[in-house]
Amino acid sequence: MKKTICLSAVIILGQVLCIRLWAQKTIISGTVQNSVTSEKVSSVSVTVKNRSEGTFSDDKGNFRLPVAGSFPVILMVSSVGFETQELTVTNNSEKLEVQLTPAVMLGQEVVVSATRTPTRFLESPVSIERLNIAAIRNAATPSFYESIANVKGVDLTTSSLTFRTVSTRGFNGSGNLRMNQFMDGMDNQAPGLNFSVGNLLGMSELDVESVELLPGASSALYGSGGLNGTLLMNSKNPFKYQGFSFQVKEGIMHVDKEQRDPSPYHDLSIRWAKAFNRFAFKINSQFIQAQDWQANDMSNLARTNIVSKQKPGDRNSDINYDGVNIYGDEVNADMYSTTQAIIYQVVEGYKAAVIRGGGKEPTADEIDNFMSSHPKYRVFWIAMKNGLIPKKRVSRSGYNEKDLVDYKTYNLKVSGGIYYNITSKTEASLIGYWGTGTTVYTGADRYSLKGVKMGQYKAEIKNKNWFLRGYTTQENAGEAYNTTALASYINESWKVSQQWFPEYIGNFAGARLMGAPEANAHRLARSKADSGRLLPGTPGFNEQYEKIRKVPISKKGALFLDKTDLWQFDGQLNLSKKIKVVDVLIGGDYKQYILNSEGTLFADTAGRIKISEWGAFLQLQKDLFHNRLKFTASGRYDKSKNFDGQFTPRVTALIKVAENNNIRLSFQTAYRFPTTQDQYINLFTGTTTLIGSLPEFADYYKFKGNPVYTAQSIAKYRETTNLSDLQKGQFTKLESEKVNSLEFGYKGLLGKTLLMDLYVYFSKYNDFIGRVAVGQPGSAATVTNILSSFTTKSFAYAQNVSQDVKARGFGLGLEYSMIKGYTANLNVTSDKIFNIPADYISFFNTPAYRFNIGLANEHAWKQFGFNLNYRWQDKVDWEGTFGTGSVPAYGTLDAQISYKIHGTKNIFKIGASNLLNKYYYSAFGNPQIGGLFYVSFGYNIL
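Here is a short report on the structure shown in this document. Note that this is a predicted model, so its numbers are computed, not measured. (Residues numbered from 1 in each chain as written. Predicted model: local features only at pLDDT ≥ 70, side-chain atom pairs only at ≥ 80, totals over all residues. Heavy atoms only, no water.)

### So, the nonpolar core
Counting residues in hydrophobic clusters, the biggest one holds 75 residues, and the most contacted among them are Ile148, Val166, Val211, Leu231, Phe560, Leu683 and Phe703. Filtering out sequence-adjacent residues up to four positions away, Leu683 remains in contact with Tyr447, Ile553, Phe560, Thr600, Leu601, Thr688, Thr689 and Leu690. (Core = buried A, V, L, I, M, F, W, Y, C linked by side-chain atoms within 4.5 Å. Buried < 20%, exposed > 50% of the residue type's maximum accessible area, 1.4 Å probe, protein only. Contact = heavy atoms within 4.5 Å.)

Right under this line is the structure:
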């Protein structure tokens, strides 16, 4: 009790002293405006030179700065995009009017992610890309996240209007496991999926200050997952960015009626921030709603487990048609082997009945007489005898994605924070982000994430030289469901496959015996077997649809029940001021995943599964030869519960060849622990069971007693029926994936108006994690069971590639600042992979070549501005567990025209993404993306 009283007294005394000191300070006030446009400039830094006092101008350009001591004082006034000014103030009697001059600032911005300390963009020791606040404000795309696609080396995969995935240097896909994404320092992954769900849980556009991207290996500073890049998004601090802002975007999609009738697009964002001396807060919200793009690829797949390839044909020409975006038709059976099984079962039953009746085992003629006269099975017997049953597979009729997926996409994000300046250099904050929505994600199948919810909550204390923070990510899958499982179970609820296939074959056999051509017999057989089938829009279909999508997958439904959490604590300390010889930065973190899917995603039917990881890093920096050479060495060690520890060093050298011209050399390493799904997934997708790669899964599914065989060899065996074609699959201990990368780069400012950035890299992956597909006979004693999909259990799991996998690429970026505020940019990149074994799926999925070209001017004529960007990429031979096929080359044009109301920060825009409305796929099996045309009004855009 005494300690509590003493502590309270100290706090009260401290507050009184702070108030008295504040009262003793002199207030310098003023207004900052643009010297060219006379507009008020917000978020301008106003500090006392060589001292700690400082403040920012508010949304009206006003500032108030308390200063201690006597006059005169020198003020430093600075803001991105303007020349820094020094003002000598001799008294506080008059309000200052500061005129800031716009300046060409190519390469002068400060970035943090490259070394976790402030570094001038031109002097980053590794490749880095950025979107500053002006680029975000002037983006031609409807969302800032979509505009990241225009950055050099970036691939953007669109699974849904509200679900986009950023990738760099290969392994493009819906949800990149080799790419980290951080939001205000928090790992932005959905812990049950191990990748970020785009910007579903993220910042509203009004609250984004900057986006920084590290392409390539980045685990030395950011830990597991950073094999191919790390994306960092930073929000606006309410002490610096104050005021009330809102933005309304209204648009239209599907204008050509190709997918559906034209439909509206709605996007509303608000932000309110206010500072009161030491205390500040902010509140943000954004709501997006639209009718989503539709996935309607009707091309045909030859599929064995997760291994697939495109083939010719449609439902009319191929009895085993498996449409890319048609579900339920993955269920198939071989007509010949199914007929054999039917006959065998009936014959064996007849034999058993004769023997039970006291007779002898029937002769071949007696069996023939019995089967030829059997009213139900004679057609199978006679057709088989006459060679009329083909050795072909036939699939069930499926349902189009548009009849299964909720395309009424929406995304609601709410965030806020409270901030307190403990001292002029130390800030404490409590921040929360919460998001919900309905969207679609492409993984092993197309998943409708209906009503998915995620929250991230952080407590942090940070100083210029250190920080401590803890945060949690809370995931809730809502009513998310698997479309393939949903379609398959709707079919089964109407007529089980054990009945449908015999009906099909029986009607086919009957038609052939009547002399019908084979094609006509197949059409008759399907019409008979599908008679009474549940059709979309009918009461029966709707009833089963609603019922099955709400039944957990573990109970033969389609619903996920994932409520996985992530808890993390990390800190960092900069010792550079204490250690004069070399700049020293240290840090570490601890995280814990708590898997909780109730058996619908993970093998957690017995209870929640906990996975702990921890890591620590050290970075040393030294300027040599009068700042001509900056040497940086970083190293990090991480340990996971189920895997060996990993050490990832990084060594870089920045060589100054001339003022604002630098060459960079780096050796970088990275790794990723196998994901939570790689370790513990246990998911039936409708045709295949995805399982974890920990040893207990092989034991549970009895792989030792009943071996599995590779999907490729099973496909061949089903064609030849030669047992020697079967090859046993391997299930070995899974190791962490690692990469070593060498990079050479140059970044320079030529003539103050042209910024050039060039890099070349070479990467080598060790223990590359791919996915293998296998099948297991229904009985170890009868390997021939594997001829039929009914008596084959299909599995897929992660495995390491024994040989090294190599990749290389290059990138060239040019930014040119022209007269009267015009800017042009061009970037070209290439990435390629080598040494992938034939039986492994690499998911590299990156075009060999791609480029962006843009032209913009925020003040082109009076208050009018514009932004144009054209993006093109080469074709891709796409590999995925959902499907494998070709993604054609495409180009798309984004454009906007803006009008800024004079003397305000209010902006009107009219713009479009995919202005020419040329539909394209960003990934195999994903929706066709058309044009989105919009108008917007932004009030007080900071």
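### Quick word on the packing of aromatic side chains
One pass over the structure, following the stated rule, counts 43 aromatic pairs. Every member of this aromatic cluster is reached through a ring pair, and the members are Tyr700, Tyr701, Phe703, Phe731, Phe795 and Tyr797. When the ring centre of Tyr934 is taken as origin, the NZ or CZ atom of Lys249, which lies over that ring, is 5.6 Å away. In this structure, Arg533 is placed above the aromatic ring of Tyr399, and the distance from its NZ or CZ to the ring centre is 4.0 Å. (Phe/Tyr/Trp six-rings, centres within 6.5 Å; stacked < 30°, edge-to-face > 60°. Lys NZ or Arg CZ within 6 Å of the ring centre and 35° of its normal.)

### Quick word on the side chain of Ser693
Along the chain, Ser693 turns up in the loop between β40 (689–691) and α13 (695–700). Polar side-chain contacts of Ser693 include one of 2.6 Å to the backbone oxygen of Ala798. Apart from residues no more than four positions distant in its own chain, Ser693 is found in contact with Asp678, Gln679, Phe731, Thr732, Leu734, Tyr797, Ala798 and Gln799. (Helix = DSSP H or I, 4+ residues; strand = E, 2+ residues; numbered from the N terminus. Polar contact = N/O pair within 3.5 Å; in protein donor to acceptor, adjacent residues only side chain to side chain.)

### Thoughts on the pattern of salt bridges
Considering all chains together, one arrives at 49 salt bridges under this definition. With a shortest N-O distance of 3.8 Å, Glu546 and Lys550 are connected by a salt bridge. Note that Arg871 and Asp894 form a salt bridge whose closest N and O atoms lie 3.9 Å from each other. Placement of Arg871 in strand β49 (residues 864–873) and of Asp894 in strand β52 (residues 890–900) is noted, with a sequence separation of 23 residues between them. (Salt bridge = Lys/Arg side-chain N within 4 Å of Asp/Glu carboxyl O.)

### Focus on a nonpolar patch on the surface
Judged by side-chain polarity, Leu624, Phe625, Phe631, Val651, Phe667, Leu742 and Phe762 come together as a nonpolar surface patch covering roughly 650 Å² of accessible area. Here Phe625 shows up in the loop between β35 (609–624) and β36 (629–640). (Patch = residues over 30% accessible without salt bridge, like charges linked within 9 Å, V, L, I, M, F, W, Y side chains within 5 Å. Areas by Shrake-Rupley, 256 points an atom, 1.4 Å probe, with all protein chains shown as cover.)

### A short note on the sheet that holds strand β6 (residues 85–89)
Read across the sheet, 4 strands follow the order β3-β2-β5-β6 without closing on themselves; strand pairing throughout is antiparallel. In this open sheet, the two edge strands, each paired with only one partner strand, are β3 (54–56) and β6. For this sheet, the mean inter-axis angle between neighbouring strands, taken without regard to orientation, is 20 degrees. Pairing of strand β5 (residues 73–78) with β6 involves 5 bridges; the strand directions are antiparallel. Each residue of the ladder has a partner; that of Met76, found in β6, is Glu86. (Pairing = 2+ DSSP bridges. Axes fitted to C-alpha atoms, helices over the stretch in contact; angles between N-to-C directions.)

### Re the pairing of strand β42 (residues 737–750)
Bridge count between strand β38 (residues 661–672) and β42: 12 bridges; the pairing is antiparallel. Of the residues in β42, the one forming a bridge with Leu665 is Phe744. Pairing geometry for β42 and strand β43 (residues 754–766), over 13 bridges, is antiparallel. Looking at the pairing, Leu742 lines up with Phe762 of β43. Between the end of β42 and the start of β43, which pair antiparallel, lie 3 residues, with Gly751 showing a positive phi angle near 65 degrees.

### Overview of the sheet that holds strand β17 (residues 208–215)
Taken in spatial order, the 5 strands line up as β10-β17-β18-β13-β14 in an open sheet, and their pairing is mixed. Taken across any chain shown, the strands that pair with only one partner, and hence form the sheet edges, are β10 (129–131) and β14 (186–187). Where β17 meets strand β18 (residues 229–235), 7 bridges bridge the pair, whose relative direction is antiparallel. When the sheet's bridge partners are listed, Pro215 is paired in β18 with Gly229.

### Considering a positive patch on the surface
A grouping of Lys425, Lys464, Lys577, Lys578 and Lys580 is seen on the molecular surface, where their side chains present a positively charged patch. Looking at the secondary structure, you find Lys577 in the loop between β33 (565–574) and β34 (583–595). Its relative accessible area of 52% is what places Lys577 among the exposed residues. (Lys, Arg positive; Asp, Glu negative; His and termini not counted. Charge placed at Lys NZ, Arg CZ, Asp CG, Glu CD.)

### Considerations on the packing of helix α8 (residues 483–494) against helix α11 (residues 539–548)
The contact between α8 and α11 brings their axes to 10 Å, and the two run at 125 degrees. On the basis of the axis angle, α8 is oblique to α11. As α8 packs across α11, the resulting crossing turns out to be right-handed. In this structure, α8 uses Leu486, Tyr489, Ile490 and Ser493 to contact α11, whose residues at the interface are Phe541, Gln544, Tyr545 and Ile548. Partitioning the contact of α8 with α11 into residue classes produces 6 nonpolar, 2 polar and no charged. (Parallel < 35°, antiparallel > 145°, perpendicular 65-115°, else oblique. Left-handed = near helix turned anticlockwise from the far one by under 90°. Nonpolar A, V, L, I, M, F, W, Y, C, P; charged D, E, K, R; others polar.)

### Describing the environment of Arg549
Relative to the assigned elements, Arg549 resides in the loop between α11 and β33. Spatially, the C-alpha atom of Arg549 lies 43 Å from that of Leu468, the residues being 81 residues apart in sequence. If sequence neighbours within four positions are ignored, Arg549 has contacts with Lys450, Glu479, Tyr481, Leu486, Ala558 and Leu559. Here Glu479 takes part through its side chain, which lies 2.9 Å from a polar atom of the side chain of Arg549. Looking at Arg549, its side chain comes within polar contact range of the side chain of Glu546, at 3.0 Å.

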